[in-house]
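Summary of the model geometry
Here is what each chain is made of, one letter per residue.
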Amino acid sequence: MATTPQLFEEPFDADEYIERLAWRTPGGGSKGGAEAFDPKRLLEEFENHIEELKQLDEKIQRRVEKLEHQCHREAKEFAHKVQDLQRSNQVAFQHFQELDEHISYVATKVCHLGDQLEGVNTPRQRAVEAQRLMTYFNEFLDGDLRSDVFNNPEKIKEAADIIQKLHLIAQELPFDRFADVKAKIASKYHDLERQLVQEFTAAQRRGEIGRMREVAAVLLHFKGYAHCVDVYIKQCQEGAYMRSDVFEDTALLCQRVNKQVGEVFQNPETVMAKLIQNIFENKLQAHVKEKLDETRRSDIEQYLKNLYDLYTRTTALAAKLTEFNLGSDKHTFLSKLIKNIFSTYLESYIEMEKDYLRTRSAMILQRYYDSKNHQKRPLGGGSIQELKERIRQRTNLPLGPSIDTHGETFLSQEVVVNLLQETRHAFERCNRLSDPSDLPKNAFSIFLLLVEHLCVDHIDYALEIGLSAIPSADAKNANLYFLDVVQQANTIFHLFDKQFNDHLMPLISSSPKLTECLHKKKEVIEQMEVKLDTGIDRTLNCMVGQMKHILATEQKKTDFRPEDENNVMIQCTAVRSELHPASTPCLNACSKVCVYVSRQVERVRKSMDGKNVDTVLTELGVRFHRLIHEHLQQYSYSSMGGMLAICDVAEYRKSAKDFRVPLVLQLFDTLHALCNLLVVAPDNLKQVCSGEQLTNLDRNLLHAFVQLRVDYRQARLGRHFS
């Protein structure tokens, strides 16, 4: 195998290299190959190959030394070249510094020479200009304008410059000696000014922006420059208001003119501000006056809508106009323009708003009462009425005859929605049209009107009528509509509270009026809650009175002391198995009471919400329990009568479960346990009284129940409580 440098290129593996060398050597393979293994021959081949490798190494080493020598030589040559370049660069930098100093010296000389020339040329130019002006002045003095500049229309720009300067000079001359020439110069001044304005107008009609810019630049130094701007503003508006929407037309006009103003005038912000001022003081003010004056006396509702709409659209237009360059304080500028248009209307706005809201609310209420054929009753506020109210609140007595409302609550959700909608519109107008300092006060006055018409004239009136319609507690077959009043009043108040939070609070949240509003709202709520509580309390009394009437008419004294107890027992058992509780008198009374109670519980659930349901049902349940407890204590009980009483109380307890109030169920559980005292064997009384449900009760109460037993005296049951 020939030894070459290519054999040692990466990746090089020494083991593989030796294996390949041994394999190619004859007799160097494995013993099991075609030729026998010859170690001597292999050794000889390795020694020869090692010699070749040594020769190759010497050859490569000589080549490396030669390349290193060549590299050192080229490095020295490169270093010499770099040094030469550095020396050349240093010489060039020195030449550049010398040239820079020379240029600075020459520039200084040139500037000095220029200053000297200017110092000589400026007085000369002034003298030439003065001589030229004196020549033109002499022509005015002689009365013969011979110069071509005054007679050639194409040189009007140069003539304007001359006459403007002569006009300034003439103003300094004494009047008595130069009155005639001053008049001629002034006449020519005004004549040229008029010509320039006409030229500007003609250029504007032709759409020649360049010519307009030239003429405007000349007129800038004339007194008629303002007239030029006025003509431009007037001509811009010609044909701009072809549609019925003056606000949209104004926005489009200003967008179009804003681009042109910057190309024509040197002070575009002033011209643009004057254009907008002209539009506001003429077009917009006339439009607003026309829209508002025609409805101010005839239709207040439409007047308020128009005022709100016009003011909103005007402020929206002003917001768009702030995109243009109108000077440093454009927001104040636009605010003053809006104030000048609407100030007379905004001063009287809140009074007209309150008058309209008061009239509109009264009309909505009256229309509702007329639809019900109801003549609204005066509630009265004298001392006698107040005394009656206090007595009724404290004693719960029905003062005066009750009114039959035929089930009418005199509360209408449609009326409430209309009142709230009118008030919401009023709040929106108030927020937009009121001065920020007057906004909380104005919003509070609108809120008071809402309280007056919604809470007082509608809800409070309905509560008063509802209270008057509640029958006395001993009335028979009384129709209790007050719970319907409660239900509707509750719904209405939720709507009232939502509007208070959504529309009033944002207007007064950061002002002292917030405290007054919250106090007024709390006062209204408390007044209504007092009447609602009174009405609910009297309604519960009526419910209890109705139950008492059922028990009094259906329950007999002998119901719990049957003459034939065996037949009753059989009959009662049969009745309960067949679910016909009306087969016995006692069960007939019980079933009617239970049906009535279930119906009233359902009515309470429909009429109340939240915790009020549990509160009212707890009170009704306690009174229901008290009634049954007192009712059971009116009778004497035989053994079988006690069983019937237990059956009745079991039914009452089932009705008590409908209340879903733990206290009420507990009371009837205890009452059921007390009824067990009516049937338990005398010897077991003490054990029963010590039971879990009766152990905490007063002993006198237990004794009173035991005394209801027919066998109380014969069995001497009183000794069990001694």
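Remember, it's a predicted structure, so these values are computed and weren't measured experimentally.

1. So, the UniProt feature "coiled-coil region" (unreviewed entry) in the chain
The UniProt entry lists residues 43-70 under the feature "coiled-coil region" (unreviewed entry), expressed in the numbering used here. Within residues 43-70, the helical portion is 100% and the strand portion 0%, while the C-alpha atoms at the span's ends are 41 Å from each other.

2. Let's talk about the side chain of Lys 521
Within the fold, Lys 521 resides in helix α17 (residues 513-554). Look at Lys 521 and you get buried, because its relative accessible area is 13%. Not counting chain neighbours up to four residues away, the residues in contact with Lys 521 comprise Phe 447, Phe 496, Asp 497, Phe 500 and Asn 501.

3. Some words on the packing of helix α21 (residues 639-657) against helix α22 (residues 662-675)
Across the interface, α21 lies against α22 with an axial gap of 9 Å and an inter-helix angle of 175°. One finds that α21 runs roughly antiparallel with respect to α22. Across from Ile 646, Val 649, Ala 650, Tyr 652, Arg 653, Ala 656 and Lys 657 in α21, the residues of α22 making contact are Val 664, Leu 665, Phe 668, Asp 669, Leu 671, His 672 and Cys 675. Across the contact of α21 with α22, the residue classes break down as 10 nonpolar, 1 polar and 3 charged.

4. Quick word on the pattern of salt bridges
Under the definition given, this model contains 25 salt bridges. As a salt-bridge pair, Arg 87 and Asp 84 come within 2.1 Å of each other at their nearest N and O atoms. Here Arg 87 pairs with Asp 84, and both are found in helix α2 (residues 39-142), just 3 residues apart, close to one helical turn. Residue Arg 87 is classed as partly exposed on the basis of its relative accessible area of 46%. By relative accessible area, which is 40% here, Asp 84 ends up partly exposed.

5. Side note on a negative patch on the surface
Negative charge collects at one region of the surface, where Glu 523, Glu 526, Glu 529 and Asp 533 lie side by side. One can find Asp 533 in helix α17. Overall, the relative accessible area of 52% leaves Asp 533 in the exposed class.

6. Some points on the packing of aromatic side chains
Considering all chains together, one arrives at 14 aromatic pairs under this definition. Aromatic pair Phe 200 and Phe 265: ring centres 5.8 Å apart, planes at 50°, arrangement tilted. Highlighted residues: Phe 200 in helix α5 (residues 175-206) and Phe 265 in the loop between α8 (246-264) and α9 (268-296), separated in sequence by 65 residues. Residue class for Phe 200 comes out buried when judged on its relative accessible area of 1%. One aromatic cluster in this structure is built from Phe 447, Phe 493, Phe 496 and Phe 500. Between the NZ or CZ atom of Lys 376 and the centre of the ring of Tyr 461, over which it lies, the distance is 5.0 Å.

7. Here we look at the packing of α22 against helix α24 (residues 699-706)
Packing of α22 against α24 brings their axes to within 10 Å, and their N-to-C directions diverge by 50°. In this view, α22 runs oblique relative to α24, as classed from their interaxial angle. Side by side, α22 and α24 meet where Leu 671, Leu 674 and Cys 675 of the first sit next to Leu 701, Leu 702 and Phe 705 of the second. Residue classes in the contact of α22 with α24 are distributed as 6 nonpolar, no polar and no charged.

8. A look at α22
Between its terminal C-alpha atoms α22 stretches 20 Å, which fits the 20 Å expected from 14 residues at 1.5 Å a residue. Buried residues of α22: Val 664, Phe 668, Thr 670, Leu 671, His 672, Ala 673, Leu 674 and Cys 675, and no others. As for α22, its buried residues are in contact with α20 (611-632), α21 and α24.

Criteria and cut-off values
Residues numbered from 1 in each chain as written. Predicted model: local features only at pLDDT ≥ 70, side-chain atom pairs only at ≥ 80, totals over all residues. Heavy atoms only, no water. UniProt positions renumbered as here; feature names shortened; annotations may be inferred. Helix = DSSP H or I, 4+ residues; strand = E, 2+ residues; numbered from the N terminus. Buried < 20%, exposed > 50% of the residue type's maximum accessible area, 1.4 Å probe, protein only. Contact = heavy atoms within 4.5 Å. Axes fitted to C-alpha atoms, helices over the stretch in contact; angles between N-to-C directions. Parallel < 35°, antiparallel > 145°, perpendicular 65-115°, else oblique. Nonpolar A, V, L, I, M, F, W, Y, C, P; charged D, E, K, R; others polar. Salt bridge = Lys/Arg side-chain N within 4 Å of Asp/Glu carboxyl O. Patch = residues over 30% accessible without salt bridge, like charges linked within 9 Å, V, L, I, M, F, W, Y side chains within 5 Å. Areas by Shrake-Rupley, 256 points an atom, 1.4 Å probe, with all protein chains shown as cover. Lys, Arg positive; Asp, Glu negative; His and termini not counted. Charge placed at Lys NZ, Arg CZ, Asp CG, Glu CD. Phe/Tyr/Trp six-rings, centres within 6.5 Å; stacked < 30°, edge-to-face > 60°. Lys NZ or Arg CZ within 6 Å of the ring centre and 35° of its normal. Expected span 1.5 Å × (residues − 1).

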